[in-house]
Amino acid sequence: MQLLRTPRLLRVLVTVCWLATCSAGCARLRSGGKSPLAPLAMAPECVQIEKYSVRYAYADPGLNDQMWSEIDEQFLPVEVRARLAANGFRVGVLGANFPPALMQVLRDNPAQASLESGEESGPAIDPLAAKPVNFLNEAKVRRGLLQTRAGHTSRILSLGEKARISQLAVLVHGDSGRVTGRAYEKVLGLFSLVSQPERDGRVRIELEPELEYGEPQQRYTAGDGMFRFEYRPETRVFNELKIIAELLPGQTLVIAGRADMPGSLGNHFFTERAAGQPTEQKLLLLRLMHSPGDDSYLSSEPRPARTNENTTAQTVSAS
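Values in this document were obtained by computation on a predicted structure and should not be read as measured data.

The next thing to look at is the overall build of the protein chain. Broken down by element type, the protein chain carries five helices and 15 strands. Taken across its 319 residues, the protein chain has 44% of its residues classed as buried. Roughly 17400 Å² of accessible area belongs to the protein chain as shown, and the carbon and sulfur atoms make up 54% of that amount.

This is the structure:
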């Protein structure tokens, strides 16, 4: 009788171990000593980014002007910085210390867990049918963790977080000074994010703004040597507004819109408008927590960021 029970028990144990491994995602079982129940540790090929979305009063002088005197915007090439500014975006890098105005907002507003799960290949939710939300009752600061593998695309929802925008008119400024415009319907605004770890511990972060609009349709996309069937809306990718930064663990990429550029893409991405409620601005903080080859997460003692205050991140094109 005992012999008959043993194979069945082994099968159950194997199945349980297999399910635990699959459910870990970017985390893998790491044995600490002889115990098979050691805590999960992050897979060495994963990049972990701490994501904050911060809402504040529209055109607030402390967060629109004063704060940026302490943020490094010079890491981007001049032409890229000018192109982003003309389209309503402002981008910079912070070291370990944050500007007082930003720290005050973070201290006064405890972070709430973000609705986004941080999964790759698309937004975690499609708020097409979401009910209107009273932004006055929502947390001013939302926090989430994004775990992504090298070369894989993740998407960060910025515009239309609670419901798709029924109609949106966007002005785009080209390098030659030419301004083009177009109206979109049923719109979401997102950033596609791709991370590429470097050998020295830095991570190259690439962000591209894109608009998803219209009704879902059947589409075929090519990738990895095969065609893939998808049922999704049309997408407009703004390749000319790509942001590239190389960060060390502990550095933070700051992306915001310009209050003085109404109608621009950046202004739309980082402005919350709701009927009967004050218009607010937003900014996005992406803090690099872990890069492959950085073993600080194995230690019980916290390790300081490997950078001085406001150390400049270098782009590949500038290095």
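Counting through the fold element by element, Lys282 comes out in strand E15 (residues 280-290). Within polar-contact distance, the side chain of Lys282 engages the backbone oxygen of Ser158 at 2.5 Å. Setting aside residues no more than four positions away along its own chain, Lys282 makes contact with Ser53, Val54, Arg55, Tyr56, Ser158, Glu161, Ala256, Gly257, Phe269, Phe270, Thr271 and Glu272.

Moving on to the pairing of strand E13 (residues 252-257). Counting buried positions along E13 gives six out of six residues, so the element sits mostly inside the fold. The sheet contact formed by strand E4 (residues 89-94) and E13 spans six bridges and is antiparallel. The residue bridging Leu94 from the neighbouring strand is Thr252, located in E13. Across five bridges, E13 lies against E15 in antiparallel orientation. For Ile255, the partnering residue across the bridge sits in E15 and is Leu284.

Rules of the game
- Residues numbered from 1 in each chain as written.
- Predicted model: local features only at pLDDT ≥ 70, side-chain atom pairs only at ≥ 80, totals over all residues.
- Heavy atoms only, no water.
- Helix = DSSP H or I, 4+ residues; strand = E, 2+ residues; numbered from the N terminus.
- Buried < 20%, exposed > 50% of the residue type's maximum accessible area, 1.4 Å probe, protein only.
- Areas by Shrake-Rupley, 256 points an atom, 1.4 Å probe, with all protein chains shown as cover.
- Polar contact = N/O pair within 3.5 Å; in protein donor to acceptor, adjacent residues only side chain to side chain.
- Contact = heavy atoms within 4.5 Å.
- Pairing = 2+ DSSP bridges.

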